[in-house]
Amino acid sequence: MKSLVRLIAYTILIVIGFVSHSRLLADDGADAKAIAYFETHIRPLLASRCYSCHSARSGNEEGGLVLDTRDGWMRGGDQGVAIVPGDADASLLIRAVRYSDPDMQMPPDKALPAASIAHLERWVEIGAPDPREPKSETEANVFAASDPIAGRRHWAYQPLKQVPTEQIASASERPAAWSRGAIDRFIIAKLNAANLTPAPDADPEKLARRLFIQLVGLPPTPDQLADFLSDGQPAAVERLVDRLLASPQFGQRWGRHWLDLARYADSNGLDENFLFREAWRYRNQVIGSFNSDTPLDQLLREQIAGDLLPYETIAQRDRQRIAAGFLVIGPKVLLIDKESRMQQRMDIADELIDTVGKAVLGQTVGCARCHDHKFDPIPTSDYYALAGILASTQVLEERQMLNQTRVMERLAGIGPKGKQRDDAYERYWIERGAIQKRVERIEHSLKLLRAGDQLGLLQLDQNHDGVLSPIALNHCRELSERVAAQEAMLDQGKRVLNNPPPIPPRAMVPADIDRPADQAIRLAGQVNRPGPMVPRGFLSVLTDREYPIPQNSSGRLELANWLTDTHGGAGHLAARVFANRVWHHLMGRGIVRTVDNFGRTGEEPSHPELLDHLASELIESGWSVKSLVRSIVLSRTFAMSSRHDDHAYSIDPDNQLLWRAHRRRMDPETFRDAMLQASGTLDFGHVDSTVDYLGDQATAVGANKNRRRTDFPCRSVYLPVIRNDLPELFDVFDFADPQATTGMRTETMVGTQGLFVLNDVSMLAASDAIARRLMVAVDPSVGADSRRVDQLYQWVVGQAPPDDELEEVLAVIGQLETQLQGETFDEIRLRAWSVVSQALFASSRFQIIE
Amino acid sequence: MSRCHQFTPVTSRRDLLRTSACGFGQIALAGMAGQTLLATDHGLTTDPVIPVRAKRVIFLFMWGGPSHIDFFDPKPRLNELSGQSLNASSVGRSSSEGGDRDLGTLMGSPFTFSQHGESGIWMNELFPQLSKHADKMCVIRSLHTEGSAHGEALLRLHTGQANLVRPSVGAWVSYGLGSENENLPAFITISPPRGHGGAQNYGSAFLPAVHQGTAIGSAETPIRQAKISNLTNPSLSLDLQRKQLDLVQSINARHLQEVGQDRRLEGLIENYELAYRMQSTIPAIMDLSDETLETLNLYGVDAEPTDNFARQCLLARKFAEQGVRYIQVSTDYTWDHHKQVKEGSIKEAAKVDRPIAGLLEDLQRRGLLEDTLVVWGAEFGRTPTMENGDGRNHHPQAFTMWMAGGGCKPGLTYGATDEFGHSPVENPVHMHDLHATLLYMLGLDHEHLTYRHAGRDFRLTDVYGNVVHDILT
């Protein structure tokens with residue numbers, strides 16, 4: 001019923017004219033930017049200056065030419081083809097508008113302005129992109145992209161389709177019997193169809209390195225590699241995979257993938273970069289959840305509504321609450337006028353809609369805040385149905401901070417008596433001003449006492465309770481006694497003042513607001529322009545049954561259930577999106593490469609049946625991430641070599657069909673952790689807070705010059721993620737931007753990366769450490785230098801150096817030993833090896849995963 | 001369908017390096033992350049109808065918010081009524097908008113204003129050097145924005161928005177124009193604030209990382225100690241580092257030979273060469289020892305209280321000369337005069353007056369002023385009412401900024417506020433309008449300079465912004 005009400009609201013909006021009738025861009029292969037160019041510069045021009053004489057719709061087809069369809073100019077008029085895409089000079093249309101040919105001048109009344117001609121030339125030069133259907137404009141106008149019923153035809157909203165794997169031809173595959181299982185059969189079917197064959201299997205060394213890095217974020221140590229290589233049994237790879245999946249390092253790698261989506265950070269960012277002192281609990285719990293293989297649907301429910309879920313123990317309650325920190329951890333504008341509170345609430349709801357929409361469903365729902373979605377079947381009414389739920393959720397609260405009442409992230413005490421302890425802590429800070437005043441008054445009383453001002457004392461006592469002890473007031477007592485009594489009181493007061501209670505265990509936890517309520521559509525997204533009210537609910541295009549939301553609750557619990565509900569909810573899409581993410585991380589590219597956008601502006605899957613197969617497998621395994629990872633990495637597809645092949649490259653240069661493994665560059669976490677592991681200084685254990693030494697402002701303002709540290713020996717997943725002040729390594733090497741949910745990190749190559757590798761102190765420290773380790777590990781007998789180079793290579797790149805490379809490294813060592821300065825030869829030698837070690841860390845052998 | 005996610009094949013090393021000239025070490029791994037590097041890749045920005053009035057911008061940012069009514073926008077009536085309370089109805093609010101509200105006690109300006117130059121630009125007595133350049137200045141008295149706290153206002157000034165993370169103005173300019181110098185970034189920010197949005201104020205958000213501002217030091221660090229991070233090796237001479245780099249490249253080349261072809265690997269090789277070139281050239285630019293004593297004096301280098309800001313301004317000129325597109329110079333967080341607005345203004349003006357005048361003079365002498373736009377301003381102005389007895393509070397409703405050089409009409413005073421300096425009453429210029437105008441002066445149309453992200457096109461001015469044609473040359 002509710003979705004029906006929303007549809008009505010949607011229809012009303014159409015009637016009052018707020019809906020933009022953008023057409024579905026039909027040509028899926030076309031370049032969206034180029035189409036934007038067409039829409040901005042060309043279509044309006046054609047419509048205003050050309051259609052009156054050249055339009056199928058109006059019936060005016062002068063010279064046989066129509067320009068209101070793509071077919072029209074492709075077919076051309078009586079004089080021939082009007083436009084030659086890519087060649088302005090050869091295009092009749094361009095010749096006509098240039099007015100250079102006296103026999104052909106268009107428009108006939110008046111030449112176009114120079115800018116318009118330039119736009120047309122440019123458009124033709126870039127290939128004359130034209131999204132218009134081969135129909136006239138009138139018919140095209142009927143389609144509304146945001147219609148949630150027609151929108152179900154889009155592939156991503158369809159139920160999962162299971163192709164029985166035996167139906168996928170395997171008998172005729174080339175090379176024969178290549179497939180190990182369903183995944184491989186989907187891959188090779190497409191390869192063979194394109195006349196391609198898969199690359200040979202990767203070397204066991206390379207496969208091991210790939211497996212270690214993808215599963216636990218670290219390359220194998222020489223011992224681990226040797227163990228694997230010496231296991232000659234058939235199921236050696238499976239045993240290795242199972243060991244890695246069971247390792248606590250798995251969560252440190254795969255938890256981080258989720259943290260990218262959760263826009264995890266240790267500070268707020270935006271206007272007031274308050275420290276999120278308790279964020280680490282969320283981080284560590286995510287890591288734990290991936291280690292314990294918490295079913296993904298449960299994990300998602302906990303992220304969205306953990307604070308509302310039933311529990312049996314305090315530990316379970318806290319675990320669920322901490323997980324719901326997902327909602328609290330986003331960046332928020334904190335310091336606002338009181339009048340702007342509604343704006344703030346809607347902005348926060350927007351941030352949450354954007355995050356949940358992209359992270360869980362691969363949908364750009366946020367686009368529907370100001371108008372119906374221009375490309376996807378998401379009307380504004382759906383946006384505000386969700387906004388009602390999330391605006392009924394509280395993620396901020398007022399607390400005492402920096403001796404002021406501040407609006408900040410919502411916290412809740414955890415553990416037994418968590419609430420009482422948190423309340424006591426907060427009370428202290430609320431009362432601190434009064435305690436301070438009392439201490440000052442006691443100090444004043446001592447002055448009065450010593451000055452013999454009995455009247456003053458009595459007045460003080462009358463005006464303020466608890467400042468004077470009865471002894472001090474009693475003028476019959478000795479002065480020394482009276483002073484001592486007040487001094488004791490002063491001491492006690494100061495003790496309270498100067499000993500704030502320690503911060504109790506707390507976590508970032510959302511809550512439903514007191515009176516959850518529906519929201520009105522906001523016209524043009526403006527908070528102060530309410531339109532029709534919309535009942536709380538979800539995306540209509542993915543809703544096939546009723547999800548009643550109880551009066552007194554936000555609807556978050558129902559939202560969480562709907563997201564993963566495979567019977568009438570969004571579960572199939574959620575499974576597709578997540579299965580694609582797993583594939584993306586393991587293979588280097590998603591089956592849908594736009595991992596956060598499964599809408600019409602995203603890409604279509606390269607292997608739709610495979611995607612559905614993986615998504616179904618995820619659901620059937622009880623949403624087990626580890627099972628899905630396991631079946632992908634045990635495929636033959638995963639084990640392919642990354643070697644280049646000219647023939648395959650000429651057919652499929654982007655490796656869309658996976659004729660080989662994608663070669664990849666290390667992410668910054670692996671890069672750093674692998675360096676520290678090789679130098680023998682990495683701490684593998686889990687770490688709690690790495691920001692507890694910071695003040696309440698996480699970045700320097702005025703007198704506060706405290707800055708986050710990065711010199712911890714821990715794994716990179718535990719390093720501080722301060723918004724607007726990321727560790728330099730992260731900043732430079734394309735770490736996920738913690739300001740917004742990130743499913744695919746950008747991959748850039750900028751000069752600052754080279755500068756970091758060549759000069760950063762952390763690089764030098766790791767190089768020094770591995771040089772020291774080398775001096776200890778290799779005994780200085782004859783041929784020590786060769787053995788050192790060999791050992792260095794084993795530690796850093798997991799293979800021996802080629803002979804000529806060994807010779808070259810030795811030669812460089814020799815030269816450095818004569819050219820470097822130092823007190824002793826030992827010191828010089830150490831420096832020389834450090835310089836060479838750094839060179840190996842800088843090399844592609846280390847940084848590129850094959 | 002979206003090009004942003006299409007993986008354009010890069011078939012040769014030449015292709016690979018094709019656009020490395022477009023900026024600071026950006027290797028053209030065109031399809032690698034599916035990113036568009038420069039706006040011109042799509043032919044969407046350079047609009048033949050907009051003349052290029054300025055090739056670069058130097059933005060002098062006065063962090064904290066100088067008081068417009070004490071510097072550039074004299075209010076005799078405010079002085080007359082000083083000490084009386086200001087009713088909201090007097091600044092144009094109807095009763096339904098809280099017109100009865102008492103906005104506080106009016107406080108006149110302690111400074112004396114006079115007109116300068118042939119154009120008669122009004123300024124107080126705290127800018128004796130700058131006022132000599134009055135005829136170069138275009139003063140806009142009707143700026144207004146949102147955000148009555150620093151953080152929100154800074155983000156709006158630098159990125160156009162506060163509640164969402166958006167690319168900064170400099171990043172958009174870099175994206176729109178690219179760099180004129182392949183060894184330098186297109187966007188440099190000298191002593192940027194760490195707080196109030198911090199790095200977000202010079203970030204690239206969803207634009208490719210190459211467009212992010214390169215920071216030199218930070219606001220709280222004296223510029224003498226500031227540096228670009230990792231530009232020098234603390235323990236290795238350039239010669240020995242070259243030897244080390246030769247070894248790296250030799251290993252890489254051998255690796256490349258083994259694998260046959262790999263654009264990432266090729267990119268890595270070129271990347272190191274670029275880094276090496278950068279660390280050889282940038283320190284030379286940052287070194288002021290090749291400047292004449294006369295130039296140093298012109299800015300106030302080695303004199304107090306001007307030394308710090310003088311060095312920042314001189315660096316800005318050097319970068320402008322080298323083809324950097326957008327240079328921001330920031331003061332420390334010292335313009336926030338909630339108390340003692342008189343003393344504070346005197347103190348802060350003395351730090352920047354000579355350096356700014358020196359910058360204008362120097363740019364002119366070198367023929368750079370005609371295509372360099374200098375902008376002076378802050379996140380907001382200050383209230384005509386008193387705070388803490390002798391201070392003024394934040395005031396985003398109306399404030400003054402001024403420009404000089406390429407693109408703006410010299411000697412013009414534009415826009416006006418009411419008799420208290422509380423609200424714009426003539427030709428209001430919103431922050432979005434300022435941004436649109438700034439881009440326009442650079443030959444960019446703010447409605448066309450867009451970037452496709454998360455399924456839609458974004459621009460600096462969102463859906464707002466009007467070019468202020470009246471102030472253009």
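Residues numbered from 1 in each chain as written. Chains lettered and ligands numbered in written order. Predicted model: local features only at pLDDT ≥ 70, side-chain atom pairs only at ≥ 80, totals over all residues.

**Things to note about the overall build of chain A**
Along chain A, the regular secondary structure elements total 33 helices and 12 strands. Considered along the principal axes of its C-alpha atoms, chain A spans approximately 120 × 85 × 60 Å. Relative to its 850 residues, chain A shows a buried fraction of 50%. By sequence separation, contacts in chain A at least 24 residues apart represent 66% of the contacts at least 6 residues apart. (Helix = DSSP H or I, 4+ residues; strand = E, 2+ residues; numbered from the N terminus. Buried ≥ 20, exposed ≤ 12 C-beta atoms within 10 Å, placed from the backbone. Contact = placed C-beta atoms within 7 Å.)

**Here we look at the interface of chain B and chain A**
Counting residues at the interface gives 79 residues for chain B, matched by 84 residues for chain A. Where the side of chain B that touches chain A is concerned, the elements lending two or more residues are helix H4 (150–159), helix H6 (238–259), helix H7 (263–286) and strand S19 (456–459) of chain B. It is H6 of chain B that provides the largest number of residues to the side of chain B that touches chain A, a total of 12 residues. Of the residues assigned to the side of chain B that touches chain A, the class counts are 35 nonpolar, 32 polar and 12 charged. (Nonpolar A, V, L, I, M, F, W, Y, C, P; charged D, E, K, R; others polar.)

**Here's the deal with the confidence of the model for chain A**
In low-pLDDT segments, the atomic positions of the prediction should not be examined closely. The predicted model of chain A has a mean per-residue pLDDT of 89, with 94% of residues at 70 or higher. Contacts from residues 9–30 of chain A, a stretch scored under 50 in pLDDT, to residues over four places away or in other chains number 43 contacts. (pLDDT = per-residue confidence, 0-100.)

**Thoughts on unusual backbone geometry**
For residues besides glycine, phi is generally negative; the peptide bonds are generally trans as well. Residue Pro175 of chain A is bonded to the preceding Arg174 of chain A through a cis peptide linkage, with omega at -5°. Considering the arrangement of structural elements, one finds Pro175 of chain A in the loop between helix H6 (137–140) and helix H7 (182–193). Cis geometry marks the peptide bond from Glu304 of chain B to Pro305 of chain B; its omega dihedral reads 5°. Relative to the helices and strands, Pro305 of chain B is located in the loop between helix H8 (293–299) and helix H9 (307–321). Non-glycine residue Ser191 of chain B carries a positive phi angle of around 55°. For Ser191 of chain B, the location among the structural elements is in the loop between strand S7 (187–190) and strand S8 (214–216).

**Quick notes on the packing of helix H17 (residues 418–450) of chain A against helix H20 (residues 479–498) of chain A**
All names here are of chain A. It is the contact of H17 with H20, at a shortest axis distance of 9 Å, that shows an interaxial angle of 160°. Overall, the two elements H17 and H20 adopt an arrangement that is roughly antiparallel. Crossing hand, H17 versus H20: left-handed. Along its contact with H17, which presents Ile435, Gln436, Arg438, Val439, Ile442, Glu443, Ser445, Leu446 and Leu449, the element H20 presents Arg482, Val483, Gln486, Met489, Leu490, Gly493, Lys494, Val496 and Leu497. Class assignment for the residues of the contact of H17 with H20 results in 10 nonpolar, four polar and four charged. (Axes fitted to C-alpha atoms, helices over the stretch in contact; angles between N-to-C directions. Parallel < 35°, antiparallel > 145°, perpendicular 65-115°, else oblique. Left-handed = near helix turned anticlockwise from the far one by under 90°.)

**Remarks on the environment of Ala661 of chain A**
Residue and element names in this part refer to chain A. Inspection of the secondary structure puts Ala661 in the loop between helix H25 (646–651) and strand S11 (664–665). Accessibility expressed as a C-beta count within 10 Å gives 24 for Ala661, which makes it buried. Once the C-alpha coordinates of Ala661 and Ala202 are considered, the two residues, 459 residues apart in sequence, prove to be 8.8 Å apart. With near-sequence residues (within four places) excluded, Ala661 lies in contact with Ala202, Met640, Ser641 and Ser642.

**What about the pairing of strand S1 (residues 56–61) of chain B?**
The side chains of a regular strand alternate, first on one face of the sheet and then on the other. All names here are of chain B. When you tally the buried positions in S1, you get six out of six residues, the bulk of the element. By the bridge criterion, six bridges tie S1 to strand S10 (residues 372–377) in an arrangement that is parallel. The residue bridging Phe61 from the neighbouring strand is Gly377, located in S10. (Pairing = 2+ DSSP bridges.)

**So, helix H5 (residues 169–177) of chain B**
All names here are of chain B. The buried fraction of H5 amounts to nine of the nine residues, a majority that puts the element mostly inside the structure. Looking at H5, one finds that the buried residues are Val169, Gly170, Ala171, Trp172, Val173, Ser174, Tyr175, Gly176 and Leu177. Residues of H5 that are buried make contact with S1, H4, S7, strand S9 (326–330), helix H11 (431–441) and strand S18 (450–453). Directly beyond the C-terminal end of H5, a positive phi value near 75° is found at Gly178.

**Re helix H13 (residues 296–305) of chain A**
Counting along an α-helix, one turn takes 3.6 residues, and residues three or four places apart therefore face a common direction. For H13 of chain A, the tally of buried residues reaches nine of 10 residues, placing the bulk of the element in the interior. What H13 of chain A keeps buried is the set Leu296, Asp297, Leu299, Leu300, Arg301, Glu302, Gln303, Ile304 and Ala305 of chain A.

**Description of the domain arrangement of chain B**
Domain boundaries in chain B define domain 1 (3–71 + 114–223 + 294–471) and domain 2 (75–108). If you look at the interface, domain 1 of chain B gives 11 residues, while domain 2 of chain B gives 11 residues. (Domains from an automatic or database assignment.)

**Quick notes on the packing of helix H22 (residues 571–587) of chain A against helix H24 (residues 625–633) of chain A**
Residues and elements named next belong to chain A. Running from N to C, H22 and H24 point in directions that differ by 45°, and their axes come no closer than 10 Å. On the basis of their axis angle, the class for H22 and H24 is oblique. The handedness of the crossing between H22 and H24 is right-handed. Each of Ala579, Val582, Trp583 and Leu586 in H22 lies in contact with H24, whose residues at this interface are Val625, Leu628, Val629, Ile632 and Val633. Broken down by class, the residue content of the contact of H22 with H24 amounts to nine nonpolar, no polar and no charged.

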